[in-house]
Amino acid sequence: MRCEVHDDGGGISASDIPKLFAPFTQVDMTTTREKGGTGLGLSIAKAIVEAHGGRIGVDSEVGKGSNFWFTLPLEKI
């Protein structure tokens, strides 16, 4: 199964994408950033998805938005 969430925000630069899933890391680490948070959400999501045998990632282009996705294996019935 694949689940995707698309947005049309500012996008994420290719150099920042590897940082997204690291704990306590935010792309905008400035003291004047508008969004709060601890930088744990995506690292927790990654741990949960991978614990269930899945993968998580993002495709993004600056100025055009992002596509966050995860996959989970489905058990055959």
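*Asks:* Could you give an account of the side chain of Ser43, naming the residues involved and the relevant values?
*Replies:* Relative to the helices and strands, Ser43 is located in helix H1 (residues 41-51). Taking the relative accessible area as the measure of exposure, Ser43 reaches 13% and is therefore buried. If near-sequence neighbours (up to four positions away) are discounted, Ser43 is found in contact with Phe21, Ala22 and Pro23.

*Asks:* Any chance you could break down the environment of Glu50 for me, citing the residues and the numbers?
*Replies:* Inspection of the secondary structure assignment puts Glu50 in helix H1. Judged by its relative accessible area of 44%, Glu50 is partly exposed. Glu50 sits 21 residues away from Thr71 along the chain, and the two C-alpha atoms are 9.2 Å apart.

*Asks:* Talk me through the sheet that holds strand E1 (residues 2-7); I want residue IDs and the actual numbers.
*Replies:* As summarised here, the arrangement of the three strands in space is E1-E3-E2, forming an open sheet in which the pairing is antiparallel. Of all strands in the sheet, those with a lone pairing partner are E1 and strand E2 (55-61), marking the two edges. Each strand axis lies, on average, 15° off the axis of its neighbour in the sheet, ignoring direction. Alignment of E2 against strand E3 (residues 65-71), held across seven bridges, turns out to be antiparallel. Paired with Ser60 across the bridge in E3 is Ser66. Contacts from H1 reach E2 and E3, with the element oriented near 135° to E2.

Cut-offs and rules
Residues numbered from 1 in each chain as written. Predicted model: local features only at pLDDT ≥ 70, side-chain atom pairs only at ≥ 80, totals over all residues. Heavy atoms only, no water. Helix = DSSP H or I, 4+ residues; strand = E, 2+ residues; numbered from the N terminus. Buried < 20%, exposed > 50% of the residue type's maximum accessible area, 1.4 Å probe, protein only. Contact = heavy atoms within 4.5 Å. Pairing = 2+ DSSP bridges. Axes fitted to C-alpha atoms, helices over the stretch in contact; angles between N-to-C directions.

Keep in mind that these numbers describe shape and distance, not what the molecule does.
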